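Chain by chain, the residues:
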Amino acid sequence: MNPTSSLLAGSGTTEKRRISVAQVLVYELRVRDAMTKEPVTAGPTDTMRTIQHLMKTHRFSGVPITQNGCLLGIVTIEDIINALDKGHINEPTERWMARDPVTLRDHYSLVRAVAEFDRYGFGRFPVVDGSDKLVGIITRGDITDCLVHHLERRAEEAVAHEAVLMAERAADEKARRVVVRTQIKSGDFDSAGKVSQRMRQVLRERGIDPDVRRRAAIIAYEAETNIIIHTIGGQITATILPDKVVIDAIDEGPGIENVDLALREGWSTAGPLARELGFGAGMGLPNIKRCSDVFEIKSEMGRGTHLHAEVMLEKARMVA
Amino acid sequence: MNTQTPIKLKTLLPLLQAEPLTDTDDANLTGCYISDLLSDVLAYARPGVLWVTIQTHRNVVSVAAMKDVPAVLITCGRKPDPQIVMEAQEEGLVLLSTKLTTYEAAGKLWEAGIR
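This is a predicted model, so every value here is computed, not measured.

Participant: So what exactly am I meant to see when it comes to the overall build of chain A here?
Facilitator: Looking only at helices and strands, chain A features 13 helices and twelve strands. Its C-alpha atoms give chain A a radius of gyration of 41 Å, clearly above 20 Å, the size a compact globule of 320 residues would have. Residues counted as buried form 43% of the 320 residues belonging to chain A. Considering only contacts within chain A whose residues lie at least 6 apart along the sequence, 63% involve residues at least 24 apart. As displayed, chain A has an accessible area near 17,800 Å², and 51% of this comes from carbon and sulfur atoms.

Following this line, the structure appears as structure tokens:
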């Protein structure tokens, strides 16, 4: 689990006193993350007119006045209005700027910055570093933009993480799907039980109830021997899914003349060799039907038979 | 029926005049089932029983494994091919051979209290 997603999910103990991501961000993020860096500044000898043009061009409402990188003061839009009103618009800024303005340090948290905005009611703060050099300027809008930006990024990360989880889950599901398929030749008594054996192994590994395992194995085995004894050949497929086993036995003919009769216990058309080997009890199809949760058989003379059976899987009960 | 207390297979060997073809280890039996028809065994044999049959084909091993039958007694002096004995050994299935007929073996087992 990565830390971002656990933060978003608010899992476990944090669930009780859940803190929103935005709340976390205002503590995590610093003024330097939100401020406008390398702000446009003016010098103490620049005229108020110069500031007025700067504001007009850049749509600023405040311009810091610096000398050698050190903050001397700030000229705001109110100062410019006053200057125009009172006729000192062509005088240097050092005469009319607000001196030693309140600043924020670049390492302050955003939560502290918000508190300072509330406390002073200013529209902006110059930001200085540890050696009192001007490094930026910050407005409430900058803080909002920064938070929105970071929230978006977290959301994107969460979506990406979710996508990865979904992909992993899909891969897991696919891995849990095992297909066992064998071609079966007519009269090949020695190969009987191949699919059934492999299937039993997978089901045992998955901790499936022995009774359920046995039923699935019997279906596969009887279906295999049916193809060996009665058909010119075919194919058997066992698909093991998380919740069930699906067995399809498809042969190439000759087909069952009377399916109802074939489903009757004791009725067999097996030849002498099969009978000698212990087959031909006339119980194959009835056994399959009895062991199946879903049982379908379609047969057409001259074309073949498709037997479809499903067994629902249950885990073995834990014995204390 | 296999409601009885398990009986150690080893204790039955002299009685059945049985020759072990595989390791007998200490298989426990909870009853007996007699049939020469594989589907019949698949349908009705319960797990844990001794299966008595004259069949010696490799399918005996498959069916026994499928039904969790721990041991098979082959009667009338029949013996499967060594290849099949090996397969049984690998599956952990006990194969026994006896000169007795199935009927005689059944009688002995009944006398021994196996129900």
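Participant: Would you explain the sheet that holds strand β2 (residues 62-67) of chain A in this entry?
Facilitator: The strands that make up a sheet are held in pairs by hydrogen bonds between backbone atoms, and each pair lies either parallel or antiparallel. All names here are of chain A. With respect to topology, three strands assemble into an open sheet ordered β2-β3-β4, the strand pairing being antiparallel. At either end of the open sheet lies a strand with only one pairing partner, and these are β2 and β4 (98-99). Here β2 pairs with strand β3 (residues 70-76) via six bridges, running antiparallel. Each residue of the ladder has a partner; that of G62, found in β3, is T76.

Participant: Mind showing me how you'd approach the sheet that holds strand β7 (residues 94-98) of chain B here?
Facilitator: Residues and elements named next belong to chain B. The five strands lie next to each other as β2-β7-β6-β5-β4, forming an open sheet whose pairing is mixed. In this open sheet, the two strands that pair with only one neighbour each are β2 (18-20) and β4 (32-34). Ignoring which end each strand starts from, the neighbouring axes of this sheet average 25 degrees apart. Direction of pairing for strand β6 (residues 71-74) relative to β7: parallel, over a ladder of four bridges. The residue bridging I74 from the neighbouring strand is S97, located in β7.

Participant: What is the right way to look at the interface of chain A and chain B in this model?
Facilitator: Interface extent is often summarised as the accessible area lost during association of the parts. Every contact between the two is made by 22 residues of chain A and, on the other side, 20 residues of chain B. Across the contact surface, chain A and chain B share two salt bridges. Between R58 of chain B and D190 of chain A there is a salt bridge, and its shortest N-O distance comes to 3.2 Å. Applying the counting rule to chain A against chain B returns ten residue pairs in polar contact (both at pLDDT 80 or more). Mapped by element, the contributors of at least two residues to the side of chain A that touches chain B are α9 (194-205), α10 (210-230), α12 (272-276) and α13 (284-291) of chain A. Here the element with the most residues in the side of chain A that touches chain B is α10 of chain A; it accounts for five residues.

Participant: Help me understand the pattern of salt bridges, please; the structure alone is not making it clear to me.
Facilitator: Should their charged atoms come close, side chains of opposite charge can pair. Scanning the entire structure with this criterion turns up 13 salt bridges over all chains. Linking R119 of chain A and E116 of chain A is a salt bridge whose minimum nitrogen-to-oxygen distance equals 3.5 Å. Residue R119 of chain A and its partner E116 of chain A are located together in helix α7 (residues 110-120), separated by three residues, close to a single helical turn. Look at R119 of chain A and you get exposed, because its relative accessible area is 59%. Several salt bridges share partner residues, and in doing so they unite D190 of chain A together with R58 and E87 of chain B into one network.

Participant: Help me understand the domain arrangement of chain A, please; the structure alone is not making it clear to me.
Facilitator: You can read the domains of chain A as domain 1 (3-148) and domain 2 (177-312). The centre of domain 1 of chain A, based on its C-alpha atoms, is set 79 Å off from the matching centre of domain 2 of chain A.

Participant: Just to check I follow, could you spell out the environment of R275 of chain A for this structure?
Facilitator: Of note, R275 of chain A is situated in helix α12. Between the alpha carbons of R275 of chain A and R153 of chain A there is a distance of 73 Å; along the sequence they are 122 residues apart. Residue contacts for R275 of chain A: discarding those within four places in its chain leaves S268, T269, A270 and G280 of chain A together with Q55 of chain B.

Participant: So what exactly am I meant to see when it comes to the nonpolar core here?
Facilitator: Generally speaking, soluble globular proteins have nonpolar side chains that are buried together. By size, the foremost hydrophobic cluster in this structure holds 61 residues, and its most contacted members are M199 of chain A together with W51 and V72 of chain B. Of all the elements, α10 of chain A adds the most residues to this core, at eleven residues. Aside from chain neighbours lying at most four places away, what touches V72 of chain B is L50, W51, T53, V60, A64, L93, V94, L95 and L96 of chain B. Listed in part, the 18 residues of the second largest apolar core include V21, V31, L110 and V127 of chain A.

About the cut-offs
Counting of residues starts from 1 at the beginning of each chain's written sequence and follows it residue by residue. The naming scheme follows written order: chains are lettered A onward, ligands numbered 1 onward. Given that this is a predicted model, residues contribute local features only at a pLDDT of at least 70 and side-chain atom pairs are listed and counted only at 80 or more, while totals for whole chains, interfaces and linings are drawn from all residues. Side-chain metrics rest on all non-hydrogen atoms present in the structure, leaving aside hydrogens and water. Helix and strand definitions follow DSSP, with helices as H or I runs of at least four residues and strands as E runs of at least two, each counted in order from the N terminus. Each radius of gyration is computed over the set of C-alpha atoms, and the globule rule expresses the reference value as 2.2 Å times the number of residues to the power 0.38. Residue burial is assigned from relative accessible area. The probe radius is 1.4 Å, only protein chains are included, and a residue is buried under 20% of its type maximum, exposed over 50%, and partly exposed in between. In this analysis, two residues are considered to be in contact whenever any of their non-hydrogen atoms come within 4.5 Å of each other. What sets the accessible areas is the Shrake-Rupley method with a 1.4 Å probe; for residues, cover comes only from the shown protein chains. Between any two strands, pairing holds if DSSP finds at least two bridges. Angles shown run from 0 to 180 degrees and are taken between the N-to-C directions of axes, each axis being a line fitted to C-alpha atoms and, for helices, limited to the stretch in contact. Here a salt bridge means any side-chain nitrogen of Lys or Arg lying within 4 Å of a carboxyl oxygen belonging to Asp or Glu. Side-chain atoms alone can form a polar contact between residues adjacent in sequence; in general such a contact is a pair of N or O atoms within 3.5 Å, and within protein one must be able to donate a hydrogen while the other accepts it. What counts as a domain boundary in this text is fixed by an automatic or database domain assignment. Among the buried residues, those of types Ala, Val, Leu, Ile, Met, Phe, Trp, Tyr and Cys that are joined through side-chain atoms within 4.5 Å form a nonpolar core.

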